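The residues making up each chain are set out below.
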Amino acid sequence: MNSVASHKISARMQLSALLMAGTMLAPVAPLMAQEAAPPATVPTVPAPPAPEAVPSATTVQSITVTGNQRLEAQTILSYLRLRVGQPYDRSVLDQALKDLAATELFKDFQITDNAGALTIQVTENPVINRVILEGNKRLKEDKIRPEIKLAPRQIFTRSKVRADVARIIELYKRQGRFAATVEPKMVSLDQNRVDVVFEINEGPKSKVRQINIIGNEKFSDGDLRDEMATKESGLLTILSSNTSYDPDRLAYDQQKLRLFYLQNGYADFRVISAVAELTSNKQDFIITYVVEEGERYKFGDVDVKSEIRDFRPETLKTLLPMKKDDWYDAKLVEDTVESLSETAGLFGYAFADISPEFRRDPETRTMGITFNVAESPRTYVERIDVNGNTLTHDKVVRREFRLNEGDAFNSFGVKRTENRINSLGYFQENLEIERKEGSAPDRIILETNVEEKPTGELSLSAGFSSIENFLLQGSIRQRNFRGLGQQLQASVNYSSYSKSVELGFTEPYLFDRNISVGGTVYRRDLNSFNFIGSDRRTTFEQSTTGFQINAGVPLTEFLSFFTRYSLNFDDVSLDKNLYYFRDQCDPLVAGRYLCDAIGKRTTSLLGFTIAYDDRDNRLRPTRGQSLSLSQDFAGLGGSVKYVRTRAAASKHFNLGSRFILNVSAEGGYIYPLGGRPTPTSDKVRLTDRFFLGEPQMRGFDIRGVGPRVIRYASVDVTDPANPILDTTTKQRIDDALGGRAYYQGRLEIDIPLGTGAKELGLRPSVFLDVGSVFGVKRPDLTTLADFKDPGDGLTKNLCRNGTTGAISFGTQALVDHDNNAATPPIPQGSYSSCPTGTTSNLSPFEERYFGDSWMPRVSIGAGVNWNSPFGPFRIDFAYALRKEEGDDTKRFSFNVGTQF
């Protein structure tokens, strides 16, 4: 509430008593009237004595107005029928009092008669200075003020106060708060001004405590409650907004019950009554339905009659989904009418009149139906209107139309246009194109009313990810640059293990032709890592600098062709302090597979994609499928040569009740064209292979699936002749090698939530992931046998000569082999040490190779996306049902502060 001086607060007039009074005020005397007395806290104006009786026929000699401050005397007289020179009697003066009361401009008024000299004395109603709302927390002022009539600088009237109180209470009832009360008060100010204060007590939200159904025998109460939009309040519906009472929802639920019974054959079902009772504390509702189910019907004879030449009844009849003796289903009948209308639209009949004729037989309990297709003219598109686009150019919307002005109407083209416009993501969701009659019966106007939404995205965030630890992210993206549908984006990412800078631009319609072109320049630095216990250790660093240009053109409505060219300069390196010996990569420390990966290379890559996509919405599809085949050829110059092939497919199913099922699969293979970097390495370099794991396949750690080398460094050499390898300890090094081939499949169901959870941005899902990556040459490995001295068969450290790099086995005493000096025995339980002059002492370890198998890995789980106030948030809980030895599993993962 705005501050009001304390001495004015004390002068508030209680308006409640005033509002209880009627709109008409009883006159104190035949010739005077005043408003009902206010509460005792405010002094009342005493009523003047009643005038003497007026003679039966008197002429008005003069009329004088007194007490008026803002209103002119002539203005007040204009509201009356009294005029100088006209005869008057008591009834005329009574009517004058009523006319003054009807103006609602005065809080006190009276007429004094002195032998025809009339004096009208008035006290004007105050002027409103401010209208103040107090106590409104659940309903903000911007929702209340447009609904009330009182406003500053208006004349205060009781009728407006009463109306505003009723309106505010009605607004709270629509929010489910039936216990809300509004107490109007008035603060008197100088110069006959007042502040009007509405003190609001919002009260608790009235919930639906119980839903009772009487008369149902075929279906249980629970089955029928599931069909209703209104839900009983409880723990399972705590996030739902449908637990509050809403009269409109009550009527909707009756229609839902009727539809449910009609779908199950009960053609005579009706709701006899629906009563909502408010409990005494006004906090809960108890809703009771009384229903009559009736008998169950089957379909009788089903026929089609058509007056349209292109519609052959015998052909259409074979396409009808219902058959004789099937249980009657009203929804199926409705869908059939819609399907026939869409079919008529395909032939150009936009306003085809299709009406089902029902033949009910109560004796046999059958329902015969004849679908009558009335004659109608073929329709043509007269005009296409686009309204509501303030930023987006008309041509951006019009180029998505599959129909042009003058074309024959086609319902498929209209539906496809709706899907394409929705896929742009520039306008409100679920946009529909209205069909209006044109200037002639065979003309139609297609009207598109769009509501633009922000298409620019600015993101500045910091967060923590289970994949990348601490991260910073900043990006700017405009998906509708200059209102031309162009896309411009720039991003900078920094985390503990990856850094990137990227700038891109895409023009979807080059020179207003259906040809898309785009380009991206980037720099990406990636640090691969593995774990030693709970510590992460960087293995190799890859820096990529490059650019990509791409172009695309549609081949058909759903089939498109894309081509691209990219040039990358890669530099893969290892930490020389950890992995190098004598300025060369040490395979005993880094592993032969990592030593093969290092170096600088140039990749010149030319590729193409053929894609089929008929999904209803590319941003958030609910039905349809997409297929794609891609190939990339590396070898058009550069030092890397291979052919990479990928294929992907996905299909979305609308399961009803907003449940969406997505089934997807993809796979790929890399065929090398060059030779091996070294005789023992794979032809496809480590950095060019496929990898699989989190986040692509949940339930497994990042790069947790597929071929890998695990180095076990925990060796018990208490008995040097029989060392014991500990494979259970976490003190190991795990390096993923990737593979030439991979496949992956996913089955995921989006679970709808109530309106409240949807407004919070929660989108949960359950999923099943399956996949594998495989097909790489088995690397040479180091085993414990490499640490055994051939001379005595004991496990020892490996020693390297700093000059020659030659490897020898460590001993506790130098041995003079030329003089055949005796070698003292090595005591049990001690390591052998390297002799003086060597520069490295490698303790025994063993490498093992795992995971190179095409056998599928399988995981199941649940996850939720949340558009939280501090950024996008994704959390998944998954369990690996099937894995191979060596795979790294992970049950819980989350991601905060970066895009999903």
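Since the model is a prediction, treat every value here as computed from it, not as a measurement.

1. Description of the side chain of Thr 379
Then, in step 1: Along the chain, Thr 379 falls in the loop between strand E16 (366–373) and strand E17 (380–387).
Then, in step 2: Given the relative accessible area of 1%, Thr 379 is considered buried.
Then, in step 3: Ignoring sequence-local partners within four residues, the contact set of Thr 379 consists of Gly 348, Tyr 349, Ala 350, Phe 351, Ala 408, Phe 409, Asp 442, Arg 443 and Ile 444.

2. Examining the nonpolar core
Then, in step 1: Membership of the largest hydrophobic core comes to 24 residues, with the highest contact counts inside it found for Phe 299, Met 322, Tyr 328, Val 333, Ile 369 and Phe 371.
Then, in step 2: Elements supplying a minimum of two residues to this core: strand E14 (298–306), helix H10 (330–346) and E16.
Then, in step 3: Among the elements that take part in this core, H10 stands out by supplying five residues, more than any other.
Then, in step 4: With near-sequence residues (within four places) excluded, Met 322 lies in contact with Phe 299, Val 302, Leu 332, Val 333, Thr 336 and Phe 371.

3. Examining helix H6 (residues 158–174)
Then, in step 1: With 17 residues, H6 should cover 24 Å at 1.5 Å per step; its first-to-last C-alpha distance of 25 Å lies within 8% of that length.
Then, in step 2: Among the residues of H6, those classed as buried are Arg 158, Val 161, Arg 162, Asp 164, Val 165, Ile 168, Leu 171 and Tyr 172.
Then, in step 3: With its phi angle positive at about 85°, Gly 176 sits one or two positions after the end of H6.

4. Thoughts on the sheet that holds strand E42 (residues 846–850)
Then, in step 1: A sheet is described by the order of its strands in space; here three strands give the open sequence E36-E33-E42, paired in antiparallel fashion. The two strands at the open ends of the sheet, each matched to only one other strand, are strand E36 (732–736) and E42. Strand after strand, the sheet turns through a mean of 20° between neighbouring axes, direction not considered.
Then, in step 2: Note that strand E33 (residues 708–712) and E42 share five bridges and pair antiparallel. When the sheet's bridge partners are listed, Arg 711 is paired in E42 with Glu 847.

5. With respect to the packing of aromatic side chains
Then, in step 1: Counted by the stated rule, this structure contains 16 aromatic pairs.
Then, in step 2: Where Phe 219 meets Tyr 266, the ring centres are 6.0 Å apart and the plane angle is 80°; that geometry is what we call edge-to-face. Highlighted residues: Phe 219 in the loop between strand E11 (207–214) and helix H7 (221–227) and Tyr 266 in the loop between helix H8 (247–263) and strand E12 (270–278), separated in sequence by 47 residues. Side by side, Phe 219 and Tyr 266 carry an identical accessibility label, which is buried.
Then, in step 3: Feature note: the residues Phe 219, Phe 260, Tyr 261, Tyr 266 and Phe 269 constitute an aromatic cluster, connected by ring pairs.
Then, in step 4: Here the guanidinium or amino end of Arg 524 rests over the ring plane of Tyr 522, the centre of that ring lying 4.0 Å away.
Then, in step 5: The positively charged end of Arg 703 is found above the aromatic ring belonging to Phe 691, 4.1 Å away from the centroid.

6. A few points about the pattern of salt bridges
Then, in step 1: A full pass over the atoms with the stated rule returns 40 salt bridges.
Then, in step 2: Arg 209 is the partner of Asp 284 in a salt bridge, and the nearest nitrogen-oxygen pair spans 3.4 Å. Remark: Arg 209 occurs in strand E11 and Asp 284 occurs in strand E13 (residues 284–292); sequence separation between them is 75 residues.
Then, in step 3: You can call Asp 284 buried: its relative accessible area is 16%.
Then, in step 4: The closest approach of N and O atoms between Asp 701 and Lys 890, which form a salt bridge, is 4.0 Å. A residue pair is termed long-range when its members are at least 10 positions apart, and Asp 701 in the loop between strand E32 (659–672) and E33 and Lys 890 in the loop between strand E44 (871–882) and strand E45 (892–896) qualify at 189 residues.
Then, in step 5: You can call Asp 701 buried: its relative accessible area is 15%.
Then, in step 6: Taken together, the shared-partner salt bridges connect Glu 400, Arg 402, Arg 416, Arg 420 and Glu 557 into one network.

7. Side note on the sheet that holds E14
The strands that make up a sheet are held in pairs by hydrogen bonds between backbone atoms, and each pair lies either parallel or antiparallel.
Then, in step 1: Reading across from one edge, E14-E16-E15 is the order of the three strands in this open sheet, with mixed pairing throughout. Edge strands, defined here as strands with exactly one partner in the open sheet, are E14 and strand E15 (354–361). Averaged over all pairs of adjacent strands, the angle between their axes in this sheet comes to 15°, without regard to strand direction.
Then, in step 2: Taken together, the seven bridges between E14 and E16 define a ladder with parallel strand orientation.

8. Thoughts on the environment of Arg 763
Then, in step 1: One can find Arg 763 in strand E38 (residues 762–774).
Then, in step 2: Look at Arg 763 and you get partly exposed, because its relative accessible area is 34%.
Then, in step 3: For the pair Arg 763 and Gly 863, spaced 100 residues apart in sequence, the C-alpha to C-alpha distance is 8.5 Å.
Then, in step 4: Contact partners of Arg 763, with chain neighbours within four places excluded, come to Arg 620, Gly 863, Val 864 and Asn 865.

Procedures and definitions
Residues numbered from 1 in each chain as written. Predicted model: local features only at pLDDT ≥ 70, side-chain atom pairs only at ≥ 80, totals over all residues. Heavy atoms only, no water. Helix = DSSP H or I, 4+ residues; strand = E, 2+ residues; numbered from the N terminus. Buried < 20%, exposed > 50% of the residue type's maximum accessible area, 1.4 Å probe, protein only. Contact = heavy atoms within 4.5 Å. Core = buried A, V, L, I, M, F, W, Y, C linked by side-chain atoms within 4.5 Å. Expected span 1.5 Å × (residues − 1). Pairing = 2+ DSSP bridges. Axes fitted to C-alpha atoms, helices over the stretch in contact; angles between N-to-C directions. Phe/Tyr/Trp six-rings, centres within 6.5 Å; stacked < 30°, edge-to-face > 60°. Lys NZ or Arg CZ within 6 Å of the ring centre and 35° of its normal. Salt bridge = Lys/Arg side-chain N within 4 Å of Asp/Glu carboxyl O.

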